[in-house]
Amino acid sequence: MRVQLLAGQYVALLVPWFGADWKKLMIRKCLFPAAGYGTRFLPATKAMPKEMLPIVDKPLIQYAVEEAYSAGLQHMAMVTGRGKRALEDHFDTSYELEQQIRGTAKERALDSTRQLIDTCSFAYTRQVEMKGLGHAILSGRPLIGDEAFAVVLADDLCLNPDGDPVLAQMVALYKQYRCSIVAIQEVPREDTRKYGVIAGEQIHEGIYRVDTMVEKPSPEDAPSNLAIIGRYILTPDIFDLIADTPPGTGGEIQVTDALMRQAQAGCVLAYKFKGLRFDCGSVEGFVEATNFCFKQR
Ligand code: G1P
């Protein structure tokens, strides 16, 4: 018997195929863990999210969202917590303010924010307990679903005045390798206890296939001085791995530990990015970033 398919049925047959493949090819979503308290900046962060601290006149979270946007990502997923409402308000229209500055010299001051609001989607969920970066990422699972995604830690400000932003470099690499990728940079040995540290075989200039990954090791125990900085591309199997990861360093659920298991089971890459990184979670890094951005203007 000949089975006659209607045009719509052909489409229905094709969509799951294209849909599944397309999800593998593209990175569309970026997760921003933003629930932390920012105690290093008290009292400034008593009633204001640390991600709203401005570098010159733009909050850290906007630099982070702009970096994701310029890497081609349009769906912003934020994991927030109590006292973080200002993040949602920042990426929303403020009619009164826009009305107020219309026709004045400040009219263009909101353009960069406006463009993000008009072209991106913003979704929020709350991390109810502070149980570490791995736990924060897992809390974002309902906003991500079953597709590869980026993670940006807004207090690591990355700038590359001479070329592609760091996340764009990593998305290009993902298109080639299709596995989880962490950004790394060399740090002084005595600083390894501030970071996740990797070791592995260099398969290309600046690209390592990870075989070891340790969260905040002491300089004596560190497998190298290649430190993870706050840019990740993660394949969605990471969620089940995190869910199955017991608390590690500091009693927290560490994404580093879940990534280590992903590396053992398959492949994780570490990428020495091109550009600058400022640790805006520390006062020194914050001031350096401010000076740098001010001079750039
Ligand atoms: C987190 C990660 C760590 C990474 C760092 C980069 O640590 O757990 O592996 O090196 O971000 O900034 P945190 O700074 O949140 O303690």
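Refer to the preceding data block for the structure.
Since we're looking at a predicted model, the values are computed, not measured. (Residues numbered from 1 in each chain as written. Predicted model: local features only at pLDDT ≥ 70, side-chain atom pairs only at ≥ 80, totals over all residues. Heavy atoms only, no water.)

**Some remarks on the overall build of the protein chain**
Each helix and strand counted, the protein chain has 11 helices and 13 strands in total. Compactness check: the protein chain gives a C-alpha radius of gyration of 20 Å against a globular reference of 19 Å for 297 residues, within 12% of the reference. The 297 residues of the protein chain split such that 47% are buried. Of all intrachain contacts in the protein chain linking residues separated by at least 6 positions in sequence, the fraction that spans at least 24 positions is 76%. Element-wise, carbon and sulfur atoms account for 53% of the exposed surface of the protein chain, whose accessible area totals about 15,400 Å². Averaged over its 33 positive side-chain charges, the protein chain has a centre that lies 3 Å from the centre of its 37 negative ones. (Helix = DSSP H or I, 4+ residues; strand = E, 2+ residues; numbered from the N terminus. Rg over C-alpha atoms; globule rule 2.2 N^0.38 Å. Buried < 20%, exposed > 50% of the residue type's maximum accessible area, 1.4 Å probe, protein only. Contact = heavy atoms within 4.5 Å. Areas by Shrake-Rupley, 256 points an atom, 1.4 Å probe, with all protein chains shown as cover. Lys, Arg positive; Asp, Glu negative; His and termini not counted. Charge placed at Lys NZ, Arg CZ, Asp CG, Glu CD.)

**Some points on the pairing of strand S6 (residues 149-152)**
Side chains Phe149 and Val151 of S6 all project onto a buried face; the interleaved residues Ala150 and Val152 project onto the opposite face, where all are buried too. The pairing of strand S1 (residues 29-33) with S6 spans two bridges and is classified as parallel. Looking at S6, one finds that Leu31 is bridged to Val151. Sheet topology places S6 next to strand S11 (residues 226-234); four bridges connect them, and they run antiparallel. Looking across to S11, one finds that Ala150 is bridged to Ile233. (Pairing = 2+ DSSP bridges.)

**What to know about unusual backbone geometry**
With omega at 5°, the peptide bond leading from Leu42 into Pro43 counts as cis. Located in the positive-phi region is Arg178, a residue other than glycine, with phi close to 55°. Tracing the backbone shows Arg178 in the loop between helix H8 (166-177) and strand S8 (180-186). If you check the backbone angles, Lys216 has positive phi at about 45° while not being a glycine. Relative to the helices and strands, Lys216 resides in the loop between strand S10 (207-215) and S11.

**Structural notes on the nonpolar core**
By size, the foremost hydrophobic cluster in this structure holds 39 residues, and its most contacted members are Cys30, Phe32, Ile61, Val65, Leu73 and Leu167. Looking at this core, the elements that each hand over two or more residues are S1, helix H2 (60-70), strand S4 (75-80), S6, H8, S8, S11 and strand S12 (268-272). With seven residues, the top contributor of residues to this core is H8. In this structure, Ile61 is in contact with Phe32, Glu51, Met52, Met78, Leu87, Phe91 and Ala154, ignoring residues within four places of it in sequence. Core analysis: the next-biggest nonpolar cluster, separate from the first, contains 30 residues, Met213, Ile228, Leu241 and Met260 among them. (Core = buried A, V, L, I, M, F, W, Y, C linked by side-chain atoms within 4.5 Å.)

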